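# Structural description and commentary
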Amino acid sequence: EFTSGNIIYPFEPTFAKDCFKFMDEYMKTAPEEVSLYFTLLTIPGMGKVVNLDISYVGDVQSCEKALGPLLTYGNPIVKAIHPQEYVKKQKQLDEVTKYGQNCYFKDRFFDFSEDIIAEVVEHFNSAPLPRTVMQVMTMGGVTATTYKDNTAFPNRQNKYICASFMMYEDNEREQAFTWGRSGFYSQKFSGMYTSCEITTTKEASQITYGDLLPRLREIKKKYDPENVFRYSSSVVSVE
């Protein structure tokens, strides 16, 4: 078990921006045992909300001190932090993102600025369909301290990654794609997390792998010349 849960507030654009600023300040000194997701979504019966999704893998005795600033921030409508099994935590979005459901998914890495947070909040607020989630995940820990040339993935210097996903019915596809494609075009956003991409293109490979791409293409040419591995996160060769 570990300590985890959610603190939920009513969504209002100004509060959402202030809440993210608070989270950014908190994470500057938070212990590495803390993982924090800032999520904008619509919950049936509540409407649009701001959700701080919290996990703490340290010992129980130090939990209250580590999470204290989060537990006393603002006026939440839900505060539910408690020990739970890791598997249960992993399944918390199973119903929302169940298999077979249409979903437009997109993400980008970024570092904090007021402009970029305003863009995230405004993009969520402009969503034409209710089953929309924008989730900002904190980076750091071993992810940030691992030298990028030792792995296939750069963008380890970024503090955050924002993922947006919109569930839609067949007749809502155009709305979902138009909204999804209109986000994350500021130059302050950088590379993407490959699991969220739905197409494999040379441009996507460049955005994802950056200056590691030439080395990865050589590896792919050597071990996968027939392009057997060609999922959306695959390296696209020059040819």
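Structure: see above.
Summary of the structure given here. (Residues numbered from 1 in each chain as written. Predicted model: local features only at pLDDT ≥ 70, side-chain atom pairs only at ≥ 80, totals over all residues. Heavy atoms only, no water.)

### Observations concerning the pairing of strand β7 (residues 160-168)
Defined as follows: The buried label goes to any residue with under 20% of its type's maximum accessible area, the exposed label to any with over 50%, and the partly exposed label to all in between, with areas taken from a 1.4 Å probe on protein chains only. Only runs of H or I of at least four residues qualify as helices and only runs of E of at least two qualify as strands under DSSP, and these elements are numbered from the N terminus. A pair of strands is labelled paired if DSSP reports no fewer than 2 bridges between them.
Counting buried positions over the 9 residues of β7 gives 9, a clear majority of the element. On β7, burial covers both faces: Y160, C162, S164, M166 and Y168 on one face and I161, A163, F165 and M167 on the other are all buried. As judged from the 9 bridges shared by strand β5 (residues 102-110) and β7, these two strands associate in the antiparallel manner. Residue N102 lies in a different strand from β7, and its bridge partner there is Y168. Of the strand pairs in this sheet, strand β6 (residues 132-138) and β7 are connected by 7 bridges, and their pairing is antiparallel.

### Some thoughts on the side chain of S55
Which entries qualify depends on this criterion: Polar contact is defined as a pair of N or O atoms within 3.5 Å, subject to the rule that within protein one atom must be able to donate a hydrogen and the other to accept it, and that residues adjacent in sequence are counted only when both atoms are side-chain atoms. Should any heavy atoms of two residues lie within 4.5 Å, those residues are counted as being in contact.
With respect to the element layout, S55 can be found in strand β3 (residues 47-56). Exposure remark for S55: the relative accessible area of 14% places this residue in the buried category. One polar contact links S55 to S4, side chain to side chain, over a distance of 3.4 Å. When neighbours within four sequence positions are excluded, S55 is seen to be in contact with F2, T3, S4, E33, V34, S35 and K89.

### A few points about the pairing of strand β2 (residues 34-43)
Along any regular strand, the residues point their side chains to alternate faces of the sheet. Judged from the 10 bridges that link them, β2 and β3 form a sheet pairing that is antiparallel. Its bridge partner lying in β3, S35 is registered against S55. Counting the residues in the hairpin turn of β2 and β3 gives 3 residues, including G45, whose phi is positive at 90°. With 5 bridges connecting them, β2 and β6 associate as antiparallel partners. Each residue of the ladder has a partner; that of L40, found in β6, is M134.

### A few points about the nonpolar core
Filter applied, for reference: Nonpolar cores are built from buried Ala, Val, Leu, Ile, Met, Phe, Trp, Tyr and Cys residues. Side-chain atoms within 4.5 Å join them into one set.
Among the nonpolar cores identified, the biggest contains 44 residues, and F38, L40, L52 and F110 are the most heavily contacted of them. Among the elements that line this core, the one with the most residues is helix α1 (residues 13-29), at 7 residues. Of all hydrophobic cores here, the second largest spans 6 residues; its members include I8, L41, V49 and M167.

### Examining the sheet that holds β6
Hydrogen bonding along the main chain pairs the strands of a sheet, whether they run parallel or antiparallel. Rule in force here: To obtain an axis, a line is fitted to C-alpha atoms, over the contacting stretch when the element is a helix, and the angle between two such axes runs from 0 to 180 degrees between their N-to-C directions.
Overall, antiparallel pairing links the 7 strands, which are arranged β4-β1-β3-β2-β6-β7-β5 in an open sheet. Edge strands, defined here as strands with exactly one partner in the open sheet, are β4 (78-84) and β5. For this sheet, the mean angle separating the axes of adjacent strands, direction not counted, is 15°. On top of the sheet, α1 reaches β1 (2-10), β2, β3, β5, β6 and β7; it is set at about 170° to β2, its chief contact.

### Re α1
Note the threshold: In this analysis, the expected span of each helix is defined as 1.5 Å times one less than the number of residues it contains.
For α1, built from 17 residues, the straight-helix expectation of 24 Å at 1.5 Å per residue is met to within 8% by its first-to-last C-alpha distance of 26 Å. Taken together, the buried positions of α1 are occupied by A16, C19, F20, F22, M23, D24, Y26 and M27. In this structure E12 caps α1, since a side-chain oxygen of it lies 3.0 Å from the backbone nitrogen of T14.

### A few points about the pattern of salt bridges
Stated precisely, the cut-off is as follows: Basic side-chain nitrogens of Lys or Arg form a salt bridge, by our definition, when they fall within 4 Å of a carboxyl oxygen of Asp or Glu.
This structure, assessed with the given rule, holds 8 salt bridges. In this structure, K220 and D224 form a salt bridge, with 2.7 Å as the shortest nitrogen-oxygen distance. Salt bridges sharing partners connect three or more residues here, namely D18, K21 and E114.

### Here's the deal with helix α2 (residues 63-71)
Definition in use: Directions drawn from the helix axis to the C-beta atoms are what define this arc.
For α2, every residue scored as buried is listed here: C63, A66, L67 and L70. Across the axial projection of α2, the buried residues extend over an arc of 90°, all falling on one side. Turned more than 90 degrees away from the buried face of α2 sit E64 and K65, all of them exposed.

### Details of the side chain of K106
The residue K106 is located in strand β5 in this model. Under the relative-accessibility criterion, K106 is labelled buried at 7%. Polar side-chain contacts of K106 include one of 2.8 Å to the backbone oxygen of G183.

### Some thoughts on the packing of aromatic side chains
Within a pair of aromatic rings, the relevant descriptors are the distance that separates the centres and the angle that separates the planes. Applicable threshold: Pairing of aromatic side chains here covers Phe, Tyr and the six-membered ring of Trp, requires ring centres within 6.5 Å, and sorts the geometry by plane angle: under 30 degrees stacked, over 60 edge-to-face, intermediate tilted.
Within this structure, the stated rule accounts for 14 aromatic pairs. When the centroid spacing of 5.9 Å and the interplanar angle of 5° are considered together, the rings of F20 and F112 count as stacked. With F20 in helix α1 and F112 in the loop between β5 and α4 (114-125), this pair connects stretches of sequence that are 92 residues apart. Look at F105 and F165: their rings are 5.0 Å apart centre to centre, the planes differ by 50°, and that puts the pair in the tilted class.

Geometric values such as these leave the question of function open.
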